[in-house]
Amino acid sequence: MTTTSETAPRTVAGNLCLGSAPDSWGVWFPEDEHQVPYTRFLDELVESGYGWLELGPPGYLPLDPQRLADEVGSRGLQVSGGTTFGALHRPEEWERMLAEVGKVAELTAAVGAHHLVFIPPMFRDEKTGAFTESPQLSADQWRALGSAANELGKILLEEHDVRLCLHPHADSHVQTQPEIERFLDATDSRYANLCLDTGHVAYGGGDNLDLIRRFAERIGYVHIKQMDPDVLAQVSAEDLSFGEAVKRGVCVEPPAGVPDPGEIVRELSTLDAELFVIVEQDLYPCAPDVPLPIAVRTREYLGACGLSGTRRPQTR
């Protein structure tokens with residue numbers, strides 16, 4: 001696949017399909033007292049004008065395929081992909097991780113989706129900020145990560161027709177641009193590719209436009225979000241955890257932060273690929289009435305940038 005950056009961007013990015021996720025409603029965990037019930041999330045997703053959703057943390061939405069299909073379908077919604085977690089660099093956890101990821105992949109496929117967003121573990125606790133692991137992987141751990149990603153991606157594709165898209169994440173071992181590029185170098189494009197999360201790339205000091213231009217064929221899915229540069233400066237100066245940064249409001253609605261969503265949409269619109277672009281604004285924890293108006297304004301803003309499509313992308 002090639003890019004056509006010389007071509008004028010589309011007025012409407014016809015190769016991109018817009019959706020949202022539970023994260024934009026302050027949902028990080030299967031169950032948590034600070035989160036809205038899943039029925040409210042689904043109802044407000046429809047009210048805010050979205051037609052596609054990512055499933056979010058396994059267990060937040062129903063795990064029974066028929067019940068999930070009924071809840072989603074009765075509201076006229078469709079599923080873009082599933083969300084899962086695992087430590088690819090820990091061989092001793094392979095069997096347990098494979099079983100857990102396999103269940104999510106099965107559920108994802110059962111509701112007609114073909115992408116699985118894989119989030120690596122954070123080396124700092126989400127709530128306390130305490131370090132739980134070294135921030136750096138050894139050479140052996142990087143080799144294990146690449147090998148496991150390829151094997152997992154091959155299994156998911158062959159058994160479920162689901163494509164593995166690794167999500168770079170703050171406070172994880174795949175966060176900075178060199179780490180993202182190392183992951184891509186260590187993996188086979190047939191089995192493991194990238195969920196480009198624009199906010200987390202910015203959080204790690206990376207260049208989203210450069211990644212899109214140089215690794216277009218490895219981008220299989222997109223999360224679009226923005227980070228507040230002032231809070232990012234605090235993260236660096238005070239060695240903040242991602243959880244603390246979110247509490248300070250690091251994730252902001254467009255166009256208040258970085259990167260510029262208009263530039264991202266324009267660059268993605270030049271690619272010879274069809275992609276889901278899922279809105280994610282980390283809001284945990286937040287008051288129940290906060291997410292809906294933000295979701296409406298974000299959808300309207302992205303629509304003005306040309307990101308308004310709702311046609312299912314053709315998977316590669």
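Because the structure is predicted, anything quoted here is derived from the model rather than measured. (Residues numbered from 1 in each chain as written. Predicted model: local features only at pLDDT ≥ 70, side-chain atom pairs only at ≥ 80, totals over all residues. Heavy atoms only, no water.)

**Some points on the pairing of strand E5 (residues 163-166)**
When strand E4 (residues 115-119) meets E5, the two strands line up parallel, connected through four bridges. Within E5, the residue paired with Leu-116 across the bridge is Leu-164. The parallel pair E4 and E5 is bridged by helix H4 (residues 139-160), and the resulting crossover is right-handed. Where E5 and strand E6 (residues 192-197) come together, three bridges link them in parallel fashion. Residue pairing across strands places Leu-164 opposite Ala-192, the latter belonging to E6. Where the polypeptide runs from E5 across helix H5 (residues 177-186) and back to E6, its parallel neighbour, the crossover connection is right-handed. (Pairing = 2+ DSSP bridges. Helix = DSSP H or I, 4+ residues; strand = E, 2+ residues; numbered from the N terminus. Right-handed = clockwise from strand over helix to strand, strands pointing away.)

**Looking at the nonpolar core**
The biggest cluster of nonpolar side chains holds 67 residues, and the ones touching the most others in it are Phe-41, Leu-53, Leu-61, Leu-88, Leu-152, Phe-183 and Leu-268. Ranked by the residues each element gives to this core, the list is headed by H4, at seven residues. Not counting residues within four places of it along the chain, the set of residues in contact with Phe-41 comprises Ala-21, Pro-22, Trp-25, Val-36, Leu-53, Tyr-60 and Leu-61. (Core = buried A, V, L, I, M, F, W, Y, C linked by side-chain atoms within 4.5 Å. Buried < 20%, exposed > 50% of the residue type's maximum accessible area, 1.4 Å probe, protein only. Contact = heavy atoms within 4.5 Å.)

**Section: the confidence of the model for the chain**
Model confidence for the chain is summarised by a mean pLDDT of 95, while 97% of its residues fall at 70 or above. In this model residues 1-10 is a low-confidence stretch, pLDDT under 50, and it forms 21 contacts with partners more than four residues away in sequence or in other chains. (pLDDT = per-residue confidence, 0-100.)

**With respect to the pattern of salt bridges**
A complete count under the given rule lists 24 salt bridges for this structure. Across the pair Arg-124 and Asp-239 runs a salt bridge, and its minimum N-O distance is 3.4 Å. Of the two residues, Arg-124 is situated in the loop between E4 and H4 and Asp-239 in the loop between helix H8 (229-238) and helix H9 (242-247); the sequence distance between them amounts to 115 residues. With a relative accessible area of 10%, Arg-124 lands in the buried category. Three or more residues are tied together by salt bridges with common partners; here these are Arg-90, Glu-93, Arg-96, Glu-100 and Glu-133. (Salt bridge = Lys/Arg side-chain N within 4 Å of Asp/Glu carboxyl O.)

**Details of unusual backbone geometry**
Of the consecutive residues Pro-254 and Pro-255, the connecting peptide bond is found in the cis state with omega at 5°. Mapped onto the elements of the fold, Pro-255 is located in the loop between strand E9 (251-252) and helix H10 (261-269). For the bond running from Tyr-284 to Pro-285, omega is -15°, close enough to zero to count as cis. By secondary structure assignment, the location of Pro-285 is in the loop between strand E10 (275-279) and helix H11 (291-304). Residues other than glycine seldom take positive phi values, yet Asp-161 does so here, at roughly 55°. Looking at the element boundaries, Asp-161 is found in the loop between H4 and E5.

**Side note on the state of the cysteines**
Under the definition given, this model contains zero disulfides. Among the cysteines around Cys-165, which has no disulfide bond, Cys-195 carries the closest sulfur, lying 6.5 Å off. A relative accessible area of 2% places Cys-165 in the buried class. (Disulfide = S-S within 2.5 Å.)

**Let's talk about helix H2 (residues 65-73)**
Every buried residue of H2 is listed here: Leu-68, Glu-71 and Val-72. When H2 is viewed along its axis, its buried side chains cluster within an angular range of 95° and face the same direction. Looking at the packing, one finds that the buried side of H2 touches helix H1 (38-47), strand E2 (52-54), strand E3 (78-85) and helix H3 (94-110). (Arc of directions from axis to C-beta.)

**A closer look at the packing of H3 against H4**
Packing of H3 against H4 leaves a shortest axis separation of 11 Å and a crossing angle of 35°. Relative to H4, the crossing made by H3 is right-handed. Taking contact as the criterion, the partners of Trp-94, Met-97, Leu-98, Val-101, Gly-102, Ala-105, Glu-106 and Ala-109 in H3 are, on H4, Ala-148, Glu-151, Leu-152, Ile-155, Leu-156 and His-160. Of the residues assigned to the contact of H3 with H4, the class counts are 10 nonpolar, two polar and two charged. (Axes fitted to C-alpha atoms, helices over the stretch in contact; angles between N-to-C directions. Left-handed = near helix turned anticlockwise from the far one by under 90°. Nonpolar A, V, L, I, M, F, W, Y, C, P; charged D, E, K, R; others polar.)

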